[in-house]
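# Geometric and topological summary
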Amino acid sequence: MQQGQMAYDRAITVFSPDGRLFQVEYAREAVKKGSTALGIKFKDGVVLLSEKKIRSRLVEKNSLEKIQLIDDYVATVTSGLVADARVLIDFARIGAQQEKVTYGSLTNIENLVKKVADQMQQYTQYGGVRPYGVSIIFAGTDTIGPRLFDCDPAGTINEYKSVAIGAGKDAVTEYIEKEYKDNMSLDEAIKMGIAALKAAVTDDSSMKEPEIASIKVGEKFHVYSAEEVSKYLN
Amino acid sequence: MQQGQMAYDRAITVFSPDGRLFQVEYAREAVKKGSTALGIKFKDGVVLLSEKKIRSRLVEKNSLEKIQLIDDYVATVTSGLVADARVLIDFARIGAQQEKVTYGSLTNIENLVKKVADQMQQYTQYGGVRPYGVSIIFAGTDTIGPRLFDCDPAGTINEYKSVAIGAGKDAVTEYIEKEYKDNMSLDEAIKMGIAALKAAVTDDSSMKEPEIASIKVGEKFHVYSAEEVSKYLN
Amino acid sequence: MQQGQMAYDRAITVFSPDGRLFQVEYAREAVKKGSTALGIKFKDGVVLLSEKKIRSRLVEKNSLEKIQLIDDYVATVTSGLVADARVLIDFARIGAQQEKVTYGSLTNIENLVKKVADQMQQYTQYGGVRPYGVSIIFAGTDTIGPRLFDCDPAGTINEYKSVAIGAGKDAVTEYIEKEYKDNMSLDEAIKMGIAALKAAVTDDSSMKEPEIASIKVGEKFHVYSAEEVSKYLN
Amino acid sequence: MQQGQMAYDRAITVFSPDGRLFQVEYAREAVKKGSTALGIKFKDGVVLLSEKKIRSRLVEKNSLEKIQLIDDYVATVTSGLVADARVLIDFARIGAQQEKVTYGSLTNIENLVKKVADQMQQYTQYGGVRPYGVSIIFAGTDTIGPRLFDCDPAGTINEYKSVAIGAGKDAVTEYIEKEYKDNMSLDEAIKMGIAALKAAVTDDSSMKEPEIASIKVGEKFHVYSAEEVSKYLN
Amino acid sequence: MQQGQMAYDRAITVFSPDGRLFQVEYAREAVKKGSTALGIKFKDGVVLLSEKKIRSRLVEKNSLEKIQLIDDYVATVTSGLVADARVLIDFARIGAQQEKVTYGSLTNIENLVKKVADQMQQYTQYGGVRPYGVSIIFAGTDTIGPRLFDCDPAGTINEYKSVAIGAGKDAVTEYIEKEYKDNMSLDEAIKMGIAALKAAVTDDSSMKEPEIASIKVGEKFHVYSAEEVSKYLN
Amino acid sequence: MQQGQMAYDRAITVFSPDGRLFQVEYAREAVKKGSTALGIKFKDGVVLLSEKKIRSRLVEKNSLEKIQLIDDYVATVTSGLVADARVLIDFARIGAQQEKVTYGSLTNIENLVKKVADQMQQYTQYGGVRPYGVSIIFAGTDTIGPRLFDCDPAGTINEYKSVAIGAGKDAVTEYIEKEYKDNMSLDEAIKMGIAALKAAVTDDSSMKEPEIASIKVGEKFHVYSAEEVSKYLN
Amino acid sequence: MQQGQMAYDRAITVFSPDGRLFQVEYAREAVKKGSTALGIKFKDGVVLLSEKKIRSRLVEKNSLEKIQLIDDYVATVTSGLVADARVLIDFARIGAQQEKVTYGSLTNIENLVKKVADQMQQYTQYGGVRPYGVSIIFAGTDTIGPRLFDCDPAGTINEYKSVAIGAGKDAVTEYIEKEYKDNMSLDEAIKMGIAALKAAVTDDSSMKEPEIASIKVGEKFHVYSAEEVSKYLN
């Protein structure tokens, strides 16, 4: 910890002398403790993958699902504080409904991502709250084609060909930086994603049943069953 | 206590440098002081059990009941601050009534659990309040079948085959992890639950009259009388 | 005082590292300085007793009355901060009126106690206030029969066969634990109560004129006159 | 000052570890610096007396009057912060008007005292304010007969045969405890009051022109002129 | 500064252990730095005087006027923070207008003074503000005759035959205590006032052109021109 | 810095023990860093002058204009925090519009100045804000004739024959104190103003193109073009 | 860091003793860490340029765009906290829409810049928030001709012939100060801008694909394609 940091790190309304917001950086630490997830664009769609940390056989697997549909054409995968993620996903779902009621359909996913990110930015500028301790990957298709965004606790958005979040973010990113090719097939993308997850996750148990979901332009999101996933694992 | 922890642990709006929310962790300590309770799914239903700490013969036993019905098909058992639990149970009851008024029946218990959990998450993100010092097990049946959830002070939800809360959580969980079988009968589930409670609770007096309640698909919740309970104890 | 306690004990919105709310505990200390009072259920009713601390012959005795009627069928006795108690008793009276306007009568005293207790719980979770420094015994009869509750600064409720509050709580409780019998007559209950009070109160002057009130199923609350009380004292 | 007291004494929303509210106690110190005043019930009425501190011959004596009429049948005398007292007296006058508009007359002075006391209690429980630094004696007659109350910064009310406030409270009380007789005449009560004041007030100048006011059942409040007062002084 | 004073002197909502409000006392220090002003009642009216501190010949003298008319029959002179004084004078003018709209005329100046003083008292009891750093002398005539009040930062009011505020308060008061006679003529009062000011003000320049205003029963307030003032100075 | 000053200088709601408001004094320091400006009354009008600090040839000169018209008959020049000044000038413009809508014209500039000054005073008395870091000179003509005011961060107003603000305030004032004559012509006033500015400003570059604006009774405000200004500079 | 600075640098509502607002200065540090961008006026228009920091080939380049259109005739380029910038750009877009709805077109860009700058100033004066950590260049054409402004975290606006923000601000400004000529052609302006960026940016990768956009009077804003940009780079 930097000399004097503690003087500036306990309120989101305080810049440090070198212009940093420590509370946002600490919220990112909560994300770095989260499960590893990633998204990959392929030729005509996007695939999302997430490790699944099953700490006990007594937990119902479906209740740990990190990949959540926002509507038929947009899905998210999150990493960080679980309850914060749930609240933001509900916020996104309501936002998506509003877009549809207003415009008939969700024509630009970026607008939805901005709505969520603006909410997250607010919590970095006003006192009496803390930032959301979560990063979100948004994937889907809209009138522009396949889209893949992430949004971090600062409320910063970027669009990607491939992006990772959570504990294994750096390892996954390093792997994909090397291997990514444009115009991959869905199959190639899933295989690359599983390989990248394996490179990042050292805990074997959490790679027994990764979550996978994909969407192709013109189709709806597909969440892979355990059987479908196991085929790819072998 | 970790070096420097005290700088970050007195406000729910402050992340520690490693991304933790100490006030939520301290609220969990309040739960760890609570009475031990658990839920177990069996073939076609769920059973709830709780030790009953009777500190004096002058207390009316019914006023210590930890198992509380939300409606005919959903019940909770709580551990932690008693007054916090009461307030959240009332919140859940109102939520259940609203669902019924809107949809005719409570078709998905998970929606109700999320309503309560969202309330609890709010108290981990805004200043001027403290988190709820309570964990809640929700059990019941809905259109999906038997359901069993817990919700902790962070507002995190998980669904389980079996889950425990309170002082004996670890001991109960260890026991059930070993013994749990799918497709148990109601009788088998109750016996396993009592055995697990006994494994966790060292204070004999609080195991004289554990609380038991169960529900089967198609039936309403049944709270066991002292007589019914005593049969299982022998 | 425990090591480090002072870091966590000056705001009701802060849990200590071991999950305690020190401000609630300190409010209980205010109650422990209060006058001793108790309630006892007998066969078909409840009796309330309280010592009366008469510090000066210039005080009008009636203005020190600890036993207060909420309506004809419910009474309270309080211990702790006198002004806090008065405010909560007024709150209870309004609550009782509302029940009657809504339902025609007060069919369940527990609902009234919960209304007051919820108010008290709120003051343990929100910043900018302090908890109420008072414990309240509620006694009465409703459709269930004789009822006897207490509510402490945390907003925790319990139902009792007999309960005591104030400076002499432990001594009274110890006495009654030993002597309590089910199905006592009103006379037996009053005599036991006076004996218990005497066991707890070392200051003779405050036992010269204890307050006594009782209710039987089917009758209204009766507050004993000085003459009636003096008969029991001899 | 007790060890550690300063940790708990700067906010009204903080109990000390032994259940005290230091800010209320400090407000009482403001009262203890105030001018001495007292009330005495006699056979069929009440008399109020107050020393009058005339610091300069340039002050108009009437502007120092401590005895203030609320209406024809109720009067107050206050000690402590002068501006706080004025605000509370106005509050009481409005309260008395409201009672009259609602019920036709002020049938119970205790209701009025409780209204003022509840206002004072609020300022001992909520942050962002300080308690009122004043004690008030209320005297008057209602359907019950002569009434005499005091209300302190905690919002605590008591009813008295005789009560004193201010710097000379202890000396006056000690005197009256010894001398008070039931069924005194108005004359006896005034003489006893002057004697008690003289016993308490060491500053001769402030006893040159004490304020006196009295009420008898069936009559209105009478404020004594300088001539009437001087007769009693000799 | 008293030992430990700094622990209690930075918030208006905090009493010190001996019942003082330091912020009010500090606000009085702001008044003690102000220009000296005074009021004197004479046989059938009141006169106000104030030194005029002319720091530069570039300042328009009229913009330094301390004596301000509230309406034709009431005037004020203030000492302390100039902007605070202006705000309170505007507050008083609005108050006077409201009285006239409601009652046809300002029949009792004391009501107006209380309105301003209540405003000032509020700023001594609520957090998040500071007291007004100003004392105000109110002079005028009403149905009672000539009136002369002052109001200090605590919101305390007194009525006087003669009163002074500001840096020279003590010196002026000492002078007038000695010399004041009832039933003076206007001329005698002005001469005494100028003599008193001279006794208090050591800075000759500020006595070159004191401000003078007077009112007689049945007449309106008269503000003296420089010529009129200079006659009295010689 | 005075001993102990730091205990009282971080909140506008706190008086220091000697009755000072440090935050207001610090805001004045922001003004003392500002560019030098001044106003001078002449026989039948007012002239305003300001140095123009041109730090780079890439800045558009007009965007640095310190002299701003409020309407055709009132102008301001400010010194201190630029953004604060802009906000207050907009506030003044709206205030002037309101006066005109209500009264048909701005008949008294002092009313407008008071409106702005009252806004500035508010920010010296309430918590959660800081004072405005700006001083404003108001100049213009109204039914009274030529008017010239300044208003400082405390919200204090004075009217002047000539007044200066900003870094060179003392030097300008010293110069004008010596040279000022009543009944100057416009030309004489401008020449005196330029001479005073030159006496105060040591940075030659900022005196290359001072801003000048003037108004005569019966005419509108005139802002001098670079050509007009350069004539006066030679 | 200056001696004692830490006493004044953690709240935007606190001036330092020398009249500085440290939180605004720290927000400027966040801007100094941002990407370098600049604007240049030419004969009949304005050009904007920004380096593009491409940290990974997996990021979609368009999502990093620093140059954002507000409408067809106004564009911005920002430097500092990305999420803050996005929120302010949306604020500007809504402001531009409002102007058009009210006046039919955006006739003066300065009004729009002031709207944004006022929003930014607010966050430097009120507690419970932090300043925006961003500087914005506004460029466009209106009825006055080509316009070029910047706005910094203090809410200060200036108009320029050329202006730079971000990490390379000083280097760019130094270059342009030397080279800028009035009445350049669009081509000359773009070449000068690229040369200035190259002088400032030492990281070659971020100069591979700078962003360029330009507007001419009578035309709409044109954002340059990668192909168009690459022509200028060679």
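Note that this is a predicted model, so its numbers are computed, not measured. (Residues numbered from 1 in each chain as written. Chains lettered and ligands numbered in written order. Predicted model: local features only at pLDDT ≥ 70, side-chain atom pairs only at ≥ 80, totals over all residues. Heavy atoms only, no water.)

### Thoughts on helix H6 (residues 226–233) of chain D
Residue and element names in this part refer to chain D. Among the residues making up H6, those that are buried are Val229, Tyr232 and Leu233. Angularly, the buried residues of H6 cover 105° about the axis, an arc narrow enough to put them on a single face. In H6, the exposed residues that point more than 90 degrees away from the buried face are Glu227 and Lys231. Of the surrounding elements, those touching the buried residues of H6 are helix H5 (186–200) and strand S9 (211–216). (Buried < 20%, exposed > 50% of the residue type's maximum accessible area, 1.4 Å probe, protein only. Helix = DSSP H or I, 4+ residues; strand = E, 2+ residues; numbered from the N terminus. Arc of directions from axis to C-beta. Contact = heavy atoms within 4.5 Å.)

### A word on the sheet that holds strand S10 (residues 222–223) of chain C
The strands that make up a sheet pair up through hydrogen bonds in the backbone, lying either parallel or antiparallel. All names here are of chain C. With respect to topology, 5 strands assemble into an open sheet ordered S8-S1-S2-S9-S10, the strand pairing being antiparallel. Each edge of the open sheet carries a strand with a single partner, namely strand S8 (162–165) and S10. By the bridge criterion, 6 bridges tie strand S2 (residues 45–50) to strand S9 (residues 211–216) in an arrangement that is antiparallel. Looking across to S9, one finds that Gly45 is bridged to Lys216. Against the sheet, helix H4 (residues 169–179) makes contact with strand S1 (37–42) and S8, and its axis sits at roughly 160° relative to S8, the strand it touches most. (Pairing = 2+ DSSP bridges. Axes fitted to C-alpha atoms, helices over the stretch in contact; angles between N-to-C directions.)

### Section: the interface of chain A and chain G
Interfaces are often sized by the amount of accessible area the parts lose when they come together. Taken residue by residue, the interface counts 36 residues in chain A and 33 residues in chain G. Of all residues in chain A, Phe15, Gln125 and Glu177 of chain A bury the most surface against chain G, accounting for 23% of the area lost on that side. Taken together, chain A and chain G are joined by 3 salt bridges. Across the salt bridge formed by Arg86 of chain G and Asp118 of chain A, the nearest N and O atoms sit 2.9 Å from each other. Connecting chain A to chain G are 18 residue pairs in polar contact (both at pLDDT 80 or more). Breaking the side of chain A that touches chain G down by element, the ones donating at least two residues are helix H3 (109–122), strand S7 (157–159) and helix H4 (169–179) of chain A. Across the side of chain A that touches chain G, the residue classes break down as 14 nonpolar, 12 polar and 10 charged. (Buried area = accessible area lost by both parts, 1.4 Å probe. Salt bridge = Lys/Arg side-chain N within 4 Å of Asp/Glu carboxyl O. Polar contact = N/O pair within 3.5 Å; in protein donor to acceptor, adjacent residues only side chain to side chain. Nonpolar A, V, L, I, M, F, W, Y, C, P; charged D, E, K, R; others polar.)

### Thoughts on the pairing of strand S9 (residues 211–216) of chain E
All names here are of chain E. Within S9, 5 of the 6 residues are buried, which leaves it mostly tucked inside the rest of the structure. With 2 bridges connecting them, S9 and strand S10 (residues 222–223) associate as antiparallel partners. Bridge assignment links Ser214 to a residue of S10, and that residue is His222. Where S9 folds back on S10, the antiparallel hairpin that results is connected by 5 residues, among which Gly218 adopts a positive phi of roughly 90°.

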